[in-house]
Amino acid sequence: MPQLPPLTQHDCAYLDYIEGLKVYNYTRHVKTLLRDYDEKAARFEEEKGYLPSTMGEAATLIEPDPLYQLACGIQRTSQVLMWTAGIDSVKPHREQLLAGLNGSAQNEAHGRLELNPGLKLPAWYVENDIHLVPGGYWGDELVGAVYQRVLAVYSTSWRSGRDPGFLQAFAASAPKRDYRRILDVGCATGNTTFALRRVYSESEEVVGIDLSAAALKWAHASAEEQGLAITFSQRYSGDTGYPDESFDLIAGHFILHEQPPDSVDATVREVFRLLRPGGHLMFLEPPPYHAVPPQVAFLEDFDTRGNGEPFWGPFLSRDFPAVLREAGFENVDEGPLEYQEPGYWGSAALMRTGEFQPYNRWVTRADKPPVDRAAKE
Amino acid sequence: MAERYHAFPDPVQDQLLGLILALGAEVWVLRDRITLLEQALAERDVSVTELIEERARQPEHLAAVADDRTAFLERFLRVPTLELKN
């Protein structure tokens with residue numbers, strides 16, 4: 001990892017406060033909301049003869065609660081404070097960091113960085129500050145450094161130490177061990193791409209694509225420092241420009257819920273085109289709403305309105321396996337990632353109550369039909 | 001651009017919560033620094049913590065800071081005070 005500037009006492013204490021604020025909110029307020037929900041749901045059943053079964057019904061029991069409003073307000077404020085703390089911690093070192101990143105961009109000892117200044121960024125990408133990061137993930141040249149600085153606080157593992165094991169587990173969960181060319185869609189600062197490279201050390205090429213030049217620069221610098229041979233390329237997942245059948249494994253981590261439905265559809269079509277016959281895809285996302293209790297779906301849906309993720313709810317409400325089947329994929333399957341992360345808090349903001357839930361890391365897998373079957377059809 | 005999110009019925013309440021939580025962060029940073037300062041001095045055999053506790057109880061200290069305290073409260077409550085007067 002490129003060298004992040006050292007943390008001052010101010011940085012440490014500020015980030016510690018923010019993580020403490022989030023943890024307090026989840027383990028006290030959200031747990032109380034869930035406990036109170038059980039009582040309210042029991043009364044609902046007495047009145048109506050059935051338990052709440054939809055997110056809308058759960059919302060009627062939770063939304064009016066002032067404690068829910070407070071929990072949402074705290075979560076949103078903690079996110080805003082988190083990004084400002086991250087930005088403040090790297091700002092004094094801006095020139096030095098940029099010099100390092102730009103120098104590293106020329107270094108191709110192990111991998112390659114391909115930037116495309118002419119790439120037109122989609123309107124939905126530039127008009128929305130995803131996760132409330134000021135300027136989005138593309139606006140500031142140092143967003144990669146800021147993201148890496150606060151990632152542990154974001155996942156409330158700043159003090160406990162972030163366990164990267166789940167990325168290794170995800171990377172290793174593909175059906176084969178000998179992929180030739182692997183693509184990581186929406187790679188950001190490269191954490192999933194690094195895991196893919198390490199797990200499939202014999203593959204000819206591992207490629208990470210993203211819309212953000214800033215994130216890719218950081219990813220490339222990190223990869224070079226770790227001695228990982230990865231190509232990072234600035235491309236849009238819905239129209240990459242790669243030739244047909246370029247890859248035999250395509251993966252993505254927490255990327256689809258950041259795109260509007262038509263972009264998800266374009267990405268699925270593009271992934272189908274890019275995969276070799278018999279190739280595999282796997283996408284790791286938050287659990288779809290149909291896989292969780294309605295009150296969990298409602299609490300997780302906070303991210304749609306309150307965390308700068310307007311496409312979260314639309315994606316998690318969709319039947320994504322059906323989208324894949326419609327595109328021509330077969331053996332479509334979805335379910336929890338087989339990995340019990342110690343101390344893992346959860347994937348969506350308001351559900352990080354400290355109790356491990358197996359559905360928190362949800363993987364959808366599919367295969368492109370092999371040549372002979374595709375030819376017959 | 002999506003409509004701005006607010007958790008409370010009145011968006012002003014969101015702003016107030018934001019101010020208060022940001023203030024909390026500043027207070028925490030200062031508390032942490034003071035704790036570290038006292039620990040560092042104690043390692044050099046300067047028991048500033050005991051000195052502080054001793055002085056805090058002295059009537060002279062309360063008298064000495066009374067004017068400062070009043071000035072602090074006037075600054076702190078300046079805005080609502082002005083608003084109510086108007």
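What you are looking at is a predicted structure, and each value in this text was computed from that prediction instead of being measured. Residue indices begin from 1 for each chain and proceed along its sequence in written order. Here chains are named by letter from A upward and ligands by number from 1 upward, in the order in which they appear as written. Local features in this predicted model are restricted to residues of pLDDT 70 or higher, and side-chain atom pairs are both shown and tallied only at a pLDDT of 80 or more, whereas totals for entire chains, interfaces and linings draw on every residue. The basis for every side-chain value is the complete set of non-hydrogen atoms in the structure, without hydrogens or water.

1. Observations regarding the overall build of chain B
Phase 1 of the analysis: Assigned secondary structure in chain B consists of 4 helices and 0 strands.
Phase 2 of the analysis: For helices the rule is a DSSP run of H or I covering at least 4 residues; for strands it is a run of E covering at least 2, with both sets numbered from the N terminus onward. Shown N-terminal to C-terminal, the secondary structure of chain B runs as helices and strands in the order α-α-α-α.
Phase 3 of the analysis: When we talk radius of gyration, it's over C-alpha atoms, and the globule rule is simply 2.2 Å times the number of residues to the 0.38. Against the 2.2 N^0.38 benchmark of 12 Å for 86 residues, chain B shows a C-alpha radius of gyration of 20 Å, more extended than a compact globule.
Phase 4 of the analysis: The principal-axis extents of the C-alpha atoms in chain B amount to approximately 60 × 35 × 15 Å.
Phase 5 of the analysis: Looking at the 86 residues of chain B, the share that counts as buried comes to 12%.
Phase 6 of the analysis: In chain B, the 10 positive side-chain charges and the 16 negative ones have mean positions that sit 4 Å from each other. Burial classification: accessible surface area is computed with a 1.4 Å probe over protein chains only, and a residue below 20% of its type maximum counts as buried, one above 50% as exposed, and the rest as partly exposed. Note on charges: Lys and Arg go in the positive column, Asp and Glu in the negative column, and His and the chain ends are not counted at all. By convention, charge coordinates are those of NZ in Lys, CZ in Arg, CG in Asp, or CD in Glu.

2. Let's talk about the sheet that holds strand β4 (residues 231-234) of chain A
Residues and elements named next belong to chain A.
Phase 1 of the analysis: Strands are treated as partners if at least two bridges between them are detected by DSSP. Ordered in space as β1-β4-β3-β2-β5-β6-β8-β7, the 8 strands form an open sheet in which the pairing is mixed. Of all strands in the sheet, those bounded by a partner on one side alone are β1 (112-114) and β7 (330-336). For this sheet, the mean inter-axis angle between neighbouring strands, taken without regard to orientation, is 15°.
Phase 2 of the analysis: Two strands pair when backbone bridges link them, and strand β5 (residues 247-253) and strand β6 (residues 275-285) are joined in this way by 6 bridges, in the parallel orientation. Each bridged residue has a counterpart across the sheet, and for Phe-247 the counterpart in β6 is Leu-275.
Phase 3 of the analysis: Helix-sheet contacts for helix α9 (residues 213-226) involve β1, β3 (205-210) and β4, and the interaxial angle to β4 is about 175°. Angles shown run from 0 to 180 degrees and are taken between the N-to-C directions of axes, each axis being a line fitted to C-alpha atoms and, for helices, limited to the stretch in contact. The contact criterion used is simple: two residues touch if any of their non-hydrogen atoms lie within 4.5 Å.

3. Comments concerning helix α4 (residues 94-105) of chain A
Phase 1 of the analysis: With 12 residues, α4(A) extends 16 Å from end C-alpha to end C-alpha; this agrees with the ideal 16 Å at 1.5 Å per step.
Phase 2 of the analysis: Buried residues belonging to α4(A) abut α3 (66-90), β1, α6 (143-154) and α9 of chain A. Multiply 1.5 Å by the residue count of a helix minus one, and that product is the helix's expected span.

4. Section: the pattern of salt bridges
Side chains that carry opposite charge are capable of pairing whenever their charged atoms lie near each other.
Residues and elements named next belong to chain A.
Phase 1 of the analysis: One speaks of a salt bridge when a side-chain nitrogen belonging to Lys or Arg is within 4 Å of a carboxyl oxygen belonging to Asp or Glu. Under the counting rule described, the total for this entry stands at 14 salt bridges over all chains.
Phase 2 of the analysis: For Asp-140, the salt bridge goes to Arg-94, with nearest N and O atoms at 3.3 Å. With Asp-140 in the loop between α5 (123-126) and α6 and Arg-94 in helix α4, this residue pair connects regions lying 46 residues apart in the sequence.
Phase 3 of the analysis: Assessed through its relative accessible area of 29%, Asp-140 is described here as partly exposed.
Phase 4 of the analysis: Measuring nitrogen to oxygen at the nearest pair gives 2.8 Å for the salt bridge that ties Arg-318 to Asp-265. Of this pair, Arg-318 sits in the loop between α13 (312-316) and α14 (320-327) while Asp-265 sits in helix α10 (residues 261-274), and the two are 53 residues apart along the sequence.
Phase 5 of the analysis: Judged by its relative accessible area of 23%, Arg-318 falls in the partly exposed class.

5. Remarks on the nonpolar core
Residues and elements named next belong to chain A.
Phase 1 of the analysis: Among the nonpolar cores identified, the biggest contains 98 residues, and Trp-83, Leu-183, Leu-299, Phe-320 and Phe-329 are the most heavily contacted of them.
Phase 2 of the analysis: Among the elements that take part in this core, helix α1 (residues 9-48) stands out by supplying 13 residues, more than any other.
Phase 3 of the analysis: If we ignore the near neighbours within four places in the chain, the residues touching Phe-320 are Leu-256, Val-264, Val-268, Phe-283, Phe-315 and Thr-364.
Phase 4 of the analysis: Counting 18 residues, the second-largest nonpolar core is a separate cluster that includes Ala-169, Phe-170, Ala-174 and Ala-195. As used here, the term nonpolar core means buried Ala, Val, Leu, Ile, Met, Phe, Trp, Tyr and Cys residues forming a set that is joined through side-chain atoms within 4.5 Å.

6. Description of the side chain of Ser212(A)
Phase 1 of the analysis: Mapped onto the elements, Ser212(A) comes out in the loop between β3 and α9.
Phase 2 of the analysis: With residues up to four places along the chain from it excluded, the contact list for Ser212(A) reads Tyr125(A), Tyr137(A), Trp138(A), Val143(A) and Gln234(A).

7. Things to note about the interface of chain A and chain B
Phase 1 of the analysis: Taken residue by residue, the interface counts 19 residues in chain A and 18 residues in chain B.
Phase 2 of the analysis: The largest contributions to the chain A side of the interface with chain B come from Gln9(A), Tyr17(A) and Gln69(A), which together make up 33% of the buried area.
Phase 3 of the analysis: The interface formed by chain A and chain B holds 0 salt bridges in total.
Phase 4 of the analysis: In terms of residue count, the dominant contributor to the side of chain A that touches chain B is α3(A) (8 residues). Once two parts are joined, some of their accessible surface, as seen by a 1.4 Å probe, is lost; buried area is that loss totalled over both.

8. What about the environment of Ser89(A)?
All names here are of chain A.
Phase 1 of the analysis: Secondary-structure assignment places Ser-89 in helix α3.
Phase 2 of the analysis: With a relative accessible area of 2%, Ser-89 lands in the buried category.
Phase 3 of the analysis: Distance in space between the C-alpha atoms of Ser-89 and Asp-333 is 43 Å, their sequence separation being 244 residues.
Phase 4 of the analysis: Once residues within four sequence positions are removed from consideration, Ser-89 is found in contact with Pro-5, Asp-11 and Arg-149.

9. Observations regarding the pairing of β3(A)
Residues and elements named next belong to chain A.
Phase 1 of the analysis: Of all 6 residues in β3, 6 are buried; the element is thus mostly enclosed.
Phase 2 of the analysis: Alternating positions in β3 separate into two faces, Glu-205, Val-207 and Ile-209 on one and Val-206, Gly-208 and Asp-210 on the other, with burial throughout.
Phase 3 of the analysis: Across 5 bridges, strand β2 (residues 181-185) lies against β3 in parallel orientation. Residue pairing for β3: Asp-184 is matched across the bridge by Gly-208.

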